[in-house]
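# What the coordinates show
Here's the letter readout for the chains.
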Amino acid sequence: MEQSLIRLLKTDEIECRVSVIKENGLSLLLYKDARVDQRILDESFGPFGWKRSHQSIEGNLYCTVEIYDKETGEWIAKQDVGTMSYSEKEKGQASDSFKRACFNWGIGRELYTAPFIWIPAGKAPIQKKNDKFYCNEHFSVDRIGYNSEREINCLVIVNERGKTVYEMKQEKAKRQGLETGGGDSITEAQMELLQKELQRTGVELQAVQARYRISEPEKMSEDSYKKVMAALAKTKSMEVA
């Protein structure tokens, strides 16, 4: 139901947030906020065609988003849990659980197909204070495109002055290192290939870990490895970035 009714996100509905920042550059992640979810739910199902509720389970706040199915006359529910916010704990969990539940309905799910967004230091004013790096620059999505599978195949990021700082390299993912045995962890050869791709692109390993929630790179799953390598293959080499 959601694939036929829920549209893809527009450029002004996507936020860019810094994920990892180092001396040589920073990585960005793409987000949507709760207002976008509310607007798309209204557009897709009408203001009276959906509802949300929250409940606490073992100290965690869950959100349930229900959609009214006119064909069956039933409410269809999808639920997810929120994560704690550093400020306004309850409000943060409520908002996060709502956004996650909306992901389950397909709103903004295309953001999971985004490539690594790595901006080298030459294109971002990175500063250091008290042994920590920071950047006050704001970034936004200037252009985005999708293929027939609802995957991102075109992406342009600009700074607050409108200058392009990242452009997705449109090419088929390299197959090098993707045909593997299917064990519980990657091989030494696969790890070497990953390191070479990181060196080529200038992407930090920490950015990879943050993007795919990997605690120990050497023990990542086969599926995670394939996603990481495919995303890196779409990233420009550091020399031409």
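Residues numbered from 1 in each chain as written. Predicted model: local features only at pLDDT ≥ 70, side-chain atom pairs only at ≥ 80, totals over all residues. Heavy atoms only, no water.

## Quick notes on the sheet that holds strand 5 (residues 74-81)
Defined as follows: Here, a strand pair is defined by DSSP locating no fewer than two bridges between the strands. Numbering goes from the N terminus for both helices and strands, where a helix is a DSSP run of H or I of at least four residues and a strand is a run of E of at least two. The axes are straight lines fitted to the C-alpha atoms, using for helices just the contacting stretch, and the angles between their N-to-C directions are given from 0 to 180°. Contact definition: two residues touch when any of their heavy atoms are within 4.5 Å.
Spatially, 3-4-5 is the arrangement adopted by the 3 strands of the open sheet, whose pairing is antiparallel. Unpaired on one side and paired on the other, strand 3 (50-57) and strand 5 mark the two borders of the sheet. Strand-to-strand twist in this sheet, taken as the mean axis angle between neighbours without regard to direction, amounts to 25°. Against the sheet, helix 2 (residues 34-45) engages strand 3 and strand 4 (60-69), with an angle of about 135° to strand 3.

## Points about the packing of helix 4 (residues 188-201) against helix 6 (residues 222-233)
Our working rule: Roughly parallel refers to an angle under 35 degrees, roughly antiparallel to one over 145, roughly perpendicular to one between 65 and 115, and oblique to any angle outside these ranges. We call a crossing left-handed when the near helix sits turned anticlockwise from the far one by less than a right angle, and right-handed when that turn is clockwise. When residues are sorted by character, Ala, Val, Leu, Ile, Met, Phe, Trp, Tyr, Cys and Pro go into the nonpolar class, Asp, Glu, Lys and Arg into the charged class, and all the rest, Gly among them, into the polar class.
In the contact formed by helix 4 and helix 6, the axes pass within 10 Å of each other and the chain directions differ by 30°. Between helix 4 and helix 6, the interaxial angle falls into the category roughly parallel. You can see that helix 4 and helix 6 cross each other, and the crossing is left-handed. Between helix 4 and helix 6, the contacting residues are Q190, L193, L194, E197, L198, R200 and T201 on the first element and E222, Y225, V228, M229, L232 and A233 on the second. Its residues assigned to classes, the contact of helix 4 with helix 6 shows 8 nonpolar, 2 polar and 3 charged.

## Quick word on the environment of Q206
Looking at where Q206 falls in the secondary structure, it is placed in helix 5 (residues 205-212). Along the primary structure Q206 and S19 are separated by 187 residues, whereas in three dimensions their C-alpha atoms are 9.2 Å apart. Non-local contacts of Q206, meaning those with residues more than four positions away in its chain, are made with V20 and K22.

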